[in-house]
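Working through the structure, step by step
So you can see what is in the structure, the chains are spelled out below.
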Amino acid sequence: LAEGEIGELHVGLKGTMSEAELHVLWARLRGGVLSKARRGELKAPLPVGFVYGPDDRAVLDPDQQVQQAVRLLFDTFRRTGSAWATVRAFQAQGLRFPQRVRNGPHKGELVWGELLHSRVLQILKNPCYAGAFCFGRHHYRRGIDGRFLVELLPRDRWLALFTEAHPGCISWTEFEDNQRQLQENAQALGVKRRRSPPREGPALLQGLVVCGICGERMTVRYHSHNSHAIPEYLCQRQGIQHGHP
C-alpha cells in the first residue's frame, strides 16, 4: 500500500476498531512501506511521463505526446537556464503540459493545461526523471493553523535513493547540474535572496515587505520624481507563476 492508501484505510476503519488497534495497524502498514522503500521496491505514484509496466517497474510513458512535452521542458531549461524562461517559452508557443489526475472520479486520467512555474520546479527537482528511485524527500508537519506544511529535506536526510533504477528522461549528471542552476537562480533572484543584504536604493523595507494577499515577499521598483528615486513595492507571484510580465 502507498502512503495515501494507508491514510484512506485508516479513515475507513475508524468507528469499527479502537484507537489502540488502529494505531497498531497503521504502525505495521507504515513499517511495511518504509521497509519496501529502503529496498527500492515500493510502488509509489509516478510523475507524469512514467507508467508502471507489466512487471511493476517504472517505464517511460508510451504516449509520444507526453514524452515530447517532457523532453521539451528539459530541453528548454537546458537552453535558457531558467524555470521562469521555460514557462515563458511554453506560453509564447501556446503549448500545454500534461498532468495525471490524482483524486476524484477521474483519478488516473491525463489532462492538459497551462504550464506553471511551480510545476516546472517540481519536475526539475524530481529525481525520478533522472531514472532514480527515492523516498523521504519531504517532511510533513502540522502548522499552528492546522494545515500541513511540507519541507523539502537535504539529500543526506532522504530515507532511500537508488540511481539508475529505471529509464529516465535525463542523466543523473544533468539532474545534478539542474539543481546547481536552480540554487544559483534562487540565491540571485528567488526567495532565498531575502537573507542577503539590501541592495542600492532608498527603499527601507527591501526583503521585508510581504504581500497581504498571497504572503509572498514583495520586490522593489523605482521611478523618478523631481530627480528623486521613489520606491514602489509590488508582488510578482502571479507573473512568475504564469510566465507573464
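Our subject is the structure listed above.
Residues numbered from 1 in each chain as written. Predicted model: local features only at pLDDT ≥ 70, side-chain atom pairs only at ≥ 80, totals over all residues. Heavy atoms only, no water.

1. Topic: the packing of helix α3 (residues 64-80) against helix α4 (residues 83-93)
Applicable threshold: Here, axes are lines fitted to C-alpha atoms. For helices the fit covers the stretch in contact, and angles between N-to-C directions go from 0 to 180 degrees. Secondary structure counts use DSSP, requiring at least four H or I residues in a row for a helix and at least two E residues in a row for a strand, with both numbered from the N terminus. Roughly parallel means an angle under 35 degrees; roughly antiparallel, over 145; roughly perpendicular, 65 to 115; everything else is oblique. The handedness criterion is simple: a crossing whose near helix is rotated anticlockwise from the far helix by less than a right angle is left-handed, and one whose near helix is rotated clockwise is right-handed. By definition, residues are in contact when any of their heavy atoms lie within 4.5 Å.
Relative to each other, α3 and α4 sit at 125 degrees, their axes nearing to 9 Å. The angle between the axes of α3 and α4 places the two elements in the oblique class. The element α3 and its partner α4 pack so that their crossing is right-handed. Where α3 abuts α4, its residues A69, L72, L73, T76, F77, R79 and T80 lie against A83, A85, T86, A89 and F90.

2. Topic: helix α5 (residues 117-124)
Operational definition: Only protein chains enter the calculation, and the probe is 1.4 Å; a residue is then buried if its accessible area is under 20% of its type maximum, exposed if over 50%, and partly exposed in between. It is the directions from the helix axis to the C-beta atoms whose arc is reported.
Along α5, the residues classified as buried are H117, R119, V120, I123 and L124. The arc that holds every buried residue of α5, seen down its axis, measures 160 degrees, which confines them to one face.

3. Let's talk about the pattern of salt bridges
Heads up, the condition is: The term salt bridge refers to a side-chain nitrogen of Lys or Arg lying within 4 Å of a carboxyl oxygen of Asp or Glu.
What the rule picks out here adds up to seven salt bridges. A salt bridge links E41 to R39; the shortest N-O distance between them is 3.0 Å. Classification of R39 by relative accessible area gives partly exposed; the value is 43%. Here R78 and D75 are joined by a salt bridge, their closest N and O atoms 2.6 Å apart. One end of the pair is R78 and the other is D75, both in helix α3 and three residues apart, which spans about a single turn. We classify R78 as partly exposed; its relative accessible area is 46%. Given the relative accessible area of 37%, D75 is considered partly exposed.

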